[in-house]
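Given next are the chains, with one letter for each unit.
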Amino acid sequence: MSKRSLVGVMAVSVALGAGCNALLGIEELEELSAVDGGAGVSGSGGVSGSAGVSGSGGASGSGGVSGSGGASGSGGASGSGGVSGSGGVSGSGGVSGSGGVSGSGGTGGTPGSGGTGTLGERCAPNGALACAGHAQGGQLVCRNGSWDVNGTCRVGEKCDTSAGSQGLCAPILPSCAGKAPGATFCEGQTVKECGADLVTAEEVESCTGQACVGGACVGACQPGALRCSGLQPEECSAQGQWQPKGSACANLCSGGACSGTCTPGARRCNG
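The numbering scheme is per chain: residues are counted from 1 as the chain's sequence reads. For this predicted model, a pLDDT threshold of at least 70 governs which residues receive local features, and a threshold of 80 or more governs which side-chain atom pairs are given and counted, while totals over whole chains, interfaces and linings are taken from all residues. Remark: hydrogens and water are excluded; side-chain values derive from all non-hydrogen atoms of the structure.

Novice: A description of the overall build of the chain should follow, citing residues and the corresponding values.
Specialist: The helix and strand labels rest on DSSP assignments: H or I over at least four residues marks a helix, E over at least two residues marks a strand, and numbering proceeds from the N terminus. A tally of regular secondary structure across the chain gives 1 helix and 15 strands. Only protein chains enter the calculation, and the probe is 1.4 Å; a residue is then buried if its accessible area is under 20% of its type maximum, exposed if over 50%, and partly exposed in between. With 271 residues in all, the chain has 23% of them scored as buried. In what follows, residue pairs with any heavy atoms lying within 4.5 Å of each other are defined as contacts. For the chain, contacts bridging at least 24 residues in sequence account for 26% of all contacts bridging at least 6. Using the Shrake-Rupley algorithm and a 1.4 Å probe, accessible areas are obtained, with residue cover drawn only from the displayed protein chains. As displayed, the chain offers around 17200 Å² of accessible surface, 54% of which is attributable to carbon and sulfur atoms.

As C-alpha cells, then:
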C-alpha cells in the first residue's frame, strides 16, 4: 500500500472514530435530557425548572453537559428548599370566667348590738329575746321573723339588754333609781356609773387622798383622816376638807390628838 493510501485509510479511521464518539455523546446527552427535563446538550433547566421538587434547584442545577458549569453545573441534587410549613394548629385563650356567686347582707334585726329591737321589724333567729329600748320595761321576742311583744317588766324592774341576760327583767339598782343611764354615784370611795338599763353599774374611779362626793372625787383629803396644825388637831370631813377637831392641845399635838405633859423644848429644874 502506498503511503498516500495509508494516510487515506488512517483519515477514514479517525473520521469513523469521531463519528462513533459523537453518537455516544448524543446518547449520553439524550439520557441526561431525560433526567433533567428541558435541558439538551447545552440546556439550562432540569425536571424541576426553577422550583423543583424541594426548592429552587433541580437535579443538576442550571448546567448541562456543555453548559457553563460542566456536567453537574452550579446546582446540586438537593436544591435550596424543602417541604416545610410555618405555623401549626394553635389557639389563644381558653374558657375563663371572672367573679362568682356572691351576696351581701342578710337577715337584719338580730339582737347583739345593744340587745334592743323594734316591734314589727325583721329579726333572726326565731325565739331570740330583746328589749324595746334601753332602760325600758318592754320585752320582745322574735316570732315568725319579726319582733313581737313578749311582756312588760314589773314596777322597780327594767328589761336588761346586756349580753347573756338580754330580754329578761332585772331589778333597778337603788343607787341608779331615778337617774339616767350613765349617771355616776359614790359607793364608799369609789365612783360608779349606772348602766344603760339602770340594772347594772361599773366602777369608774377610786378616790385616793380625796373624798367621793356626788359621783366624783373632790377635796384635799380622804374623809376621816387626822392631822395636827400646830397644837390643833384636825380631821378631814366627808367633803374632803380639813376641820378642827376639839380644842388645841396644851402641850403636844401628835397624829391629830393631844398628848404629853410638857411642851416640846421646854426646860425645868428637877431638884
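There's plenty left to go through after this.
Novice: Please set out the pattern of salt bridges residue by residue, giving values where relevant.
Specialist: Whenever a carboxyl oxygen of Asp or Glu lies within 4 Å of a side-chain nitrogen of Lys or Arg, that contact is scored as a salt bridge. Evaluated as defined, the whole model comprises 4 salt bridges. For R227, the salt bridge identified is with E234, shortest N-O distance 2.6 Å.

Novice: Go over the environment of G230, please, and point to the residues and values.
Specialist: By secondary structure assignment, the location of G230 is in the loop between β11 (226–229) and β12 (232–236). G230 gets classed as exposed once you look at its relative accessible area, which sits at 57%. Along the sequence, G230 and S254 sit 24 residues apart, while their C-alpha atoms lie 9.2 Å from each other.

Novice: Summarise the sheet that holds strand β6 (residues 184–187); cite the residues concerned and give the values.
Specialist: Paired strands, in this sense, are two strands between which DSSP finds at least two bridges. Read across the sheet, 3 strands follow the order β6-β7-β8 without closing on themselves; strand pairing throughout is antiparallel. Two strands close off the open sheet at either side, each with one partner strand: β6 and β8 (201–206). Put simply, the sheet's adjacent strands are angled 35° from each other on average, direction ignored. Inspection of the sheet shows strand β7 (residues 190–194) paired to β8 by 5 bridges, in the antiparallel sense. Residue pairing in the sheet places T190 in a bridge with S206 of β8. To get an axis, a line is fitted to the C-alpha atoms, and for a helix only the part in contact is used. The angle between two axes follows their N-to-C directions and goes from 0 to 180 degrees.

Novice: Go over the pairing of β6 with me, naming the residues and quoting the values.
Specialist: Sheet topology note: the β6/β7 ladder contains 4 bridges and is antiparallel. The partner of E187 across the bridge, within β7, is T190. Counting the residues between successive antiparallel strands, the hairpin from β6 to β7 contains 2 residues, one of them, G188, with a positive phi of roughly 70°.

Novice: So what's going on with the nonpolar core? Which residues, and what values?
Specialist: To qualify as a nonpolar core, a set must consist of buried Ala, Val, Leu, Ile, Met, Phe, Trp, Tyr and Cys residues joined through side-chain atoms within 4.5 Å. By size, the foremost hydrophobic cluster in this structure holds 6 residues: C123, A128, A130, L140, C142 and W147. Judged by nonpolar contacts, the second largest core, of 5 residues, contains A135, C176, F185 and C194.

Novice: Lay out the state of the cysteines in plain terms, naming residues and giving numbers.
Specialist: By disulfide we mean two sulfur atoms from cysteines, separated by a distance within 2.5 Å. Taken as a whole, this structure holds 9 disulfides when the rule is applied. Covalently, C123 is tied to C142 through a disulfide, its sulfur atoms 2.0 Å apart. Its S-S torsion of about 95° marks the bond between C123 and C142 as right-handed, since a negative value means left-handed. In this pair, C123 sits in the loop between α1 (3–36) and β1 (129–131) while C142 sits in strand β2 (residues 138–143), placing the two residues 19 residues apart along the sequence.

Novice: Please give an account of the side chain of D160 that cites residues and values.
Specialist: Residue placement: D160 occurs in strand β4 (residues 157–160). In this tally, Lys and Arg are treated as positive and Asp and Glu as negative; His is ignored, and so are the chain termini. Nearest to the buried, unbridged D160 among oppositely charged side chains is K158, at 12 Å. Polar side-chain contacts of D160 include one of 2.8 Å to the side chain of S162. Setting aside chain neighbours within four positions, we find D160 in contact with C131, S165, Q166, G167, L168, A170, D197 and V199. Nitrogen and oxygen atoms within 3.5 Å of one another constitute a polar contact, given that in protein one can donate a hydrogen and the other can accept it, and given that sequence-neighbouring residues count only through two side-chain atoms.

Novice: How would you explain the confidence of the model for the chain if you had to name every residue and give the values?
Specialist: For the chain, per-residue confidence averages 71 on the pLDDT scale, and residues scoring 70 or more make up 58% of the total. Every residue in residues 18–112 is under pLDDT 50, and counting partners more than four places away or in other chains gives 84 contacts. The pLDDT score gives, residue by residue, the confidence of the prediction method on a 0 to 100 scale.

Novice: I'd like to hear about the side chain of T161, residue by residue, with values.
Specialist: Relative to the assigned elements, T161 resides in the loop between β4 and β5 (168–171). The class of T161 is buried, set by a relative accessible area of 8%. A distance of 2.6 Å separates the side chain of T161 from the side chain of D197, its partner in a polar contact.

Novice: Residue-level account of unusual backbone geometry, with values.
Specialist: Glycine aside, the phi torsion of most residues is negative, and most peptide linkages are trans. The omega torsion across A124 and P125 is -5°, close enough to zero to call that bond cis. With respect to the secondary-structure elements, P125 resides in the loop between α1 and β1. If you check the backbone angles, N144 has positive phi at about 55° while not being a glycine. Within the element layout of this structure, N144 appears in the loop between β2 and β3 (146–152).

Novice: Tell me about the sheet that holds β2, and name the residues and values.
Specialist: Taking strand neighbours across the sheet as the criterion, the 3 strands line up as β1-β2-β3 in an open arrangement whose pairing is antiparallel. Single-partner strands in this sheet number two, and they are β1 and β3. Neighbour-to-neighbour, the strand axes of the sheet open up by a mean angle of 35°, direction not taken into account. Here β1 runs beside β2; their pairing, made up of 3 bridges, is antiparallel. Within β2, the position partnered with A130 by the bridge is L140.

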